[in-house]
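# Examining the three-dimensional arrangement
Spelled out, the chains give:
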Amino acid sequence: MIKVLLLITGGAIGTVFRYGVSTWVQRSMLHSFPFGILSVNVIGSFLIGFCWSIAETCNLSAGARVFLFTGLFGGFTTFSSFALDTMSLMKTGEYKLALLNLIASNVLGLLAVFLGLLLGKNFMSLIKEYMRKEERYKGVLNWFNEHVPVAETELHYDNPYQLLIAVILSAQCTDKRVNMITPALFRDFPTPEVMAASTSEVIFEYIRSVSYPNNKSKHLVGMAKMLMSDFDGVVPSDIDELQKLPGVGRKTANVIASVVYNKPAMAVDTHVFRVANRIGLTNNSKTPLETEKELVKHIPEEQIPIAHHWLILHGRYTCIARKPKCEECGLKPWCKYFLSPKKT
């Protein structure tokens, strides 16, 4: 019903512009601004094309018929008025201006209609995509809520300091591998103070089986020293403060803020980045930051901390990189990848 009313209103606007506004322009501006009427006619023509495109895109036959009457009536009064305006100018002896008005009225009026058609189509495409995305987010989040009510990090830790170490080590490394080496590391370096007193060479021996052990051993010692010197040995909760620590980027900072302090921070790793794009929660985001902003924009604040784990675990076990397990995925009704032509 709302769409039908929109179509009726759209067609009526063309008529209102001609009979209402242009009459006022003609009386008040004709001598000082001869093309005032032309401008209004062009606007009316544009609105007719724009609204007609909306009617066509909506695929509502009843609404299209209603608009056909109102739209053509507005268009008829608009274009027929061009001839009347031209005759008025001819009566005053302004033949060149009359000819110019006649040509301009028809050419610009038609161009305005086509422009309205084009923009109306693009406008409706954006609206439909927005509506599809809102429906997709709702479906995906509801499914996770129902089927995965508990989702947590798979890294083993007992306190914020240990989680910070584990997340730094997990960069481009599996959680399984990290969990294999952290028990000994946590045992021998139980506090930031103890680790700060050590060296990167010593730490290296504990973490040599993870990826990039040289850099990570230096980061861990540097992180511990800064925790002691700048934060009294306490892992900060502020994302900007966290990123000051060696080895801590935006993803790691968001993980700590989300997991430890339950803040609405969305950490985007390779799994979240891939799954969000594949499902259609993002529109081909090019960077993790773009993905983060899009997800935070659409996911309710109270769900952001757990949504991070939902997407990670889904990407790790179901929506895997090379060959996603679509046949066993519960998100098929909303997944853009699964519903794409190559999948149907």
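### Some thoughts on the overall build of the protein chain
- On a plain count of helices and strands, the protein chain comes out with 15 helices and 0 strands.
- Counting only contacts in the protein chain whose residues sit at least 6 apart along the sequence, the fraction spanning at least 24 positions is 64%.
- For the protein chain, the exposed area adds up to about 18,600 Å²; of that, 63% sits on carbon and sulfur atoms.

### Digging into the side chain of Arg274
- Relative to the assigned elements, Arg274 resides in helix H12 (residues 270-279).
- Apart from residues no more than four positions distant in its own chain, Arg274 is found in contact with Gly315, Arg316, Cys319, Ile320 and Ala321.

### So, the pattern of salt bridges
- Applying the stated criterion across every chain, the model contains 7 salt bridges.
- The shortest N-O distance in the salt bridge between Glu294 and Lys133 comes to 2.8 Å. Highlighted residues: Glu294 in helix H13 (residues 288-298) and Lys133 in helix H4 (residues 95-147), separated in sequence by 161 residues.
- Exposure remark for Glu294: the relative accessible area of 18% places this residue in the buried category.
- Take Lys133: its relative accessible area is 5%, and that puts it in the buried class.
- Linking Glu241 and Lys244 is a salt bridge whose minimum nitrogen-to-oxygen distance equals 3.1 Å.
- With a relative accessible area of 27%, Glu241 lands in the partly exposed category.
- One network of salt bridges, in which partners are shared, links Glu154, Asp175 and Arg316.

### Some thoughts on the packing of helix H5 (residues 160-169) against helix H11 (residues 250-259)
- One can describe the packing of H5 onto H11 by two numbers: an axis separation of 10 Å at closest approach and a directional angle of 145 degrees. Judged by the twist between their axes, the crossing of H5 over H11 is right-handed. Listed contacts from H11 to Leu163, Leu164, Val167 and Ile168 of H5 are Thr252, Val255, Ile256 and Val259.
- Across the contact of H5 with H11, the residue classes tally to 7 nonpolar, 1 polar and no charged.

### A word on the environment of Ser258
- Looking at where Ser258 falls in the secondary structure, it is placed in helix H11.
- You can call Ser258 buried: its relative accessible area is 4%.
- Counting along the chain gives 46 residues from Ser258 to Ile304, while the straight-line C-alpha distance between them is 8.2 Å.
- Beyond its immediate stretch of four places on either side in the chain, Ser258 contacts Lys263, Ala265 and Pro305.

### A short note on the packing of aromatic side chains
- Applying the stated criterion to the full structure yields 3 aromatic pairs.
- With a centroid separation of 5.2 Å and an interplanar angle of 80 degrees, the aromatic rings of Phe189 and Tyr206 are classed as edge-to-face. With Phe189 in the loop between helix H6 (175-188) and helix H7 (192-196) and Tyr206 in helix H8 (residues 200-207), this pair connects stretches of sequence that are 17 residues apart.
- Of the residues examined, Phe189 reaches a relative accessible area of 6% and is grouped as buried.
- Joined through ring pairs, the aromatic side chains of Trp143, Phe144 and Trp310 make up one cluster.

### Details of the packing of H12 against H13
- One can describe the packing of H12 onto H13 by two numbers: an axis separation of 10 Å at closest approach and a directional angle of 60 degrees. What the angle tells us is that H12 and H13 run oblique. Taken as a pair, H12 and H13 cross one another with a handedness that is left-handed. Taken together, the residues of H13 that come into contact with H12 (itself represented by Val272, Phe273 and Ala276) are Pro288, Thr291 and Leu295.
- Residues that form the contact of H12 with H13 fall into these classes: 5 nonpolar, 1 polar and no charged.

### Some points on the nonpolar core
- Among the nonpolar cores identified, the biggest contains 34 residues, and Leu164, Ile165, Leu169, Leu185, Met195 and Leu220 are the most heavily contacted of them.
- Contributions of two or more residues to this core are made by H5, H6, H7, H8, helix H9 (213-231) and H11.
- At 8 residues, H5 tops the list of elements feeding residues into this core.
- With near-sequence residues (within four places) excluded, Leu169 lies in contact with Val178, Ile181, Thr182, Leu185, Ile207, Val210, Lys216 and Leu220.
- Core analysis: the second largest hydrophobic core is formed by 24 residues, Tyr137, Val268, Val275 and Ile299 among them.

Cut-offs and rules
Residues numbered from 1 in each chain as written. Predicted model: local features only at pLDDT ≥ 70, side-chain atom pairs only at ≥ 80, totals over all residues. Heavy atoms only, no water. Helix = DSSP H or I, 4+ residues; strand = E, 2+ residues; numbered from the N terminus. Contact = heavy atoms within 4.5 Å. Areas by Shrake-Rupley, 256 points an atom, 1.4 Å probe, with all protein chains shown as cover. Salt bridge = Lys/Arg side-chain N within 4 Å of Asp/Glu carboxyl O. Buried < 20%, exposed > 50% of the residue type's maximum accessible area, 1.4 Å probe, protein only. Axes fitted to C-alpha atoms, helices over the stretch in contact; angles between N-to-C directions. Left-handed = near helix turned anticlockwise from the far one by under 90°. Nonpolar A, V, L, I, M, F, W, Y, C, P; charged D, E, K, R; others polar. Phe/Tyr/Trp six-rings, centres within 6.5 Å; stacked < 30°, edge-to-face > 60°. Parallel < 35°, antiparallel > 145°, perpendicular 65-115°, else oblique. Core = buried A, V, L, I, M, F, W, Y, C linked by side-chain atoms within 4.5 Å.

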